[in-house]
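As a plain string of letters, each chain reads:
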Amino acid sequence: MRVSRADHPRANGGNLRYIIYGAGAVGGSIGGRLFDAGDDVVLIARGPHLEAIQRDGLSLRTPDEKSTLRIPVVAHPLAVEWDAGDVVLLTVKSQQTAAALDDLAAAAGDVPVVCAQNGIENERMALRRFGCVYAMMVMLPAMHLTPGEVVMNASPVGGLVNIGCYPSGADSTCEQLAQDLLGAGLDARVDRKVMRLKYGKLLENLANAVQALWGLEAAAGELVRAVRAEGIAALQAAGIDFATGSEMDQRRAQSAMKLRPIEGQGRGGSTWQSLARRAGSVETDYLNGEIALLGALHGVPTPYNRLLQRLTAEAARQERPPGSHTVEELMLQANAPIGK
């Protein structure tokens, strides 16, 4: 059975229908908020998560409420009856992007694609296959550990997004998406130079591997600083413009997004969640691995990012839980002193 737009008309639906490809923490949160605001939304999910949403709806928890949303959900792009007003929000992990784009191209043709993902390689992969690609920088603290459930950890604004055309610029689709996301309770802005922020977010995401390997409470500040220093050096050597740490902090400070604990819910980053779910793979090849690649191309040593990339991949393959290493173990294996 294929899902068409006519099957699920929304009261406030505009001229766009949002196909959320990857209904995990970020995709489920954005899709749930848009749907709850009256926009046309279809989720693409898989496995037990798909089955739970089909059976019971998507459970979306926030610090203020818990909602059950009967969002249309399918297992594959071929199950969507594609329409001229469709826009894909790609929210799968970066290591799943190539396969998702192949399936999307076969099912939908040349559809607009918004890369709402960590890392900076997804847009390049999408632009090889699709003529209209958008970059979205996402700061959205959310969790997806239980099939059928997504937990958002911020209020009253659920998250921050900047969107622009890739590689630069803006158009009416950016404006419409930002408007719809604002109406859905997110701080959304059109940004003609959004990749600067995505590179700034990449530097922040280098610490995801530290959290995943050494746990949420690890005292690893010096290690995080060393990993970030390698990242900055690699980006500068490559001549890449990026938002500074103070700019990223300013973006957060200008919003009403406030982290609020939800009873019974911890809060871990995307890589931590992948290990907690025993997902079998992590996205660090496109985070720490991006810095390792740039370092190799431009003569910048990146021993810590290389090591974190390798250790997180091993942990994922062996289905080890988060926090299975100590900082001391890393120090013994590293090829450079901390802080250099």
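Our subject is the structure that appears above.
Residues numbered from 1 in each chain as written. Predicted model: local features only at pLDDT ≥ 70, side-chain atom pairs only at ≥ 80, totals over all residues. Heavy atoms only, no water.

(A) Structural context of the sheet that holds strand 3 (residues 58-61). Read from one edge of the open sheet, four strands run 4-3-10-9, paired in mixed fashion. Unpaired on one side and paired on the other, strand 4 (66-69) and strand 9 (142-143) mark the two borders of the sheet. Sheet topology note: the strand 3/strand 10 (residues 149-152) ladder contains three bridges and is parallel. The residue of strand 10 that forms the bridge with Leu60 is Val150. (Pairing = 2+ DSSP bridges. Helix = DSSP H or I, 4+ residues; strand = E, 2+ residues; numbered from the N terminus.)

(B) Here's a closer look at helix 5 (residues 172-183). Taking 1.5 Å per residue as the helical rise, helix 5 with its 12 residues ought to reach 16 Å, and the 17 Å between its terminal C-alpha atoms agrees with that figure. Remark: Gly185 follows helix 5 within two positions and exhibits a positive phi of approximately 90 degrees. (Expected span 1.5 Å × (residues − 1).)

(C) Inspection of the packing of helix 8 (residues 221-237) against helix 12 (residues 303-317) at higher detail. Where helix 8 contacts helix 12, the two axes come as close as 8 Å, and the packing angle between them is 110 degrees. By the criterion of interaxial angle, the relationship of helix 8 to helix 12 is roughly perpendicular. Contact residues: Leu223, Ala226, Val227, Glu230 and Gly231 in helix 8; Pro303, Tyr304, Asn305 and Leu308 in helix 12. Split by residue class, the contact of helix 8 with helix 12 holds six nonpolar, two polar and one charged. (Axes fitted to C-alpha atoms, helices over the stretch in contact; angles between N-to-C directions. Parallel < 35°, antiparallel > 145°, perpendicular 65-115°, else oblique. Contact = heavy atoms within 4.5 Å. Nonpolar A, V, L, I, M, F, W, Y, C, P; charged D, E, K, R; others polar.)

(D) How the structure looks around empty space enclosed by the protein. As enumerated under the stated definition, the model contains two cavities of 30 Å³ or more in all. Computed from the structure, the largest cavity encloses a volume of approximately 50 Å³. Residue lining of the largest cavity: Gln117, Asn118, Gly119, Met136, Met137, Val138, Lys198, Lys201, Leu202 and Asn205, and that is the complete set. Among the secondary structure elements, those contributing two or more residues to the lining of the largest cavity are strand 8 (133-139) and helix 6 (194-205). The greatest single-element share of the lining of the largest cavity, amounting to four residues, is contributed by helix 6. Within the lining of the largest cavity, the residues separate by chemical class into four nonpolar, four polar and two charged. (1 Å grid on protein atoms, 1.4 Å probe; cavity = no way out; pocket = protein on both sides within 12 Å on 5 of 7 lines; lining within 4 Å. Points joined across faces, edges and corners; volume = space filled by probe spheres on them.)

(E) Structural view of unusual backbone geometry. Of the consecutive residues Ser155 and Pro156, the connecting peptide bond is found in the cis state with omega at 0 degrees. Of note, the amide linkage connecting Tyr166 to Pro167 takes the cis form, showing an omega dihedral of 10 degrees. Positioned with a positive phi, Arg278 is a non-glycine residue whose angle comes to about 55 degrees. Tracing the backbone through its elements, the reader meets Arg278 in the loop between helix 10 (270-276) and helix 11 (288-298).

(F) Quick peek at the packing of helix 6 against helix 8. Contact geometry of helix 6 with helix 8 gives a least axis separation of 9 Å together with a crossing angle of 150 degrees. By the angle between their directions, the pair helix 6 and helix 8 is classed as roughly antiparallel. In the packing of helix 6 onto helix 8, the handedness of the crossing is right-handed. Together, Tyr199, Leu203 and Glu204 of helix 6 and Arg228, Gly231, Ile232 and Leu235 of helix 8 make up the contact between the two elements. When its residues are assigned to classes, the contact of helix 6 with helix 8 shows four nonpolar, one polar and two charged. (Left-handed = near helix turned anticlockwise from the far one by under 90°.)

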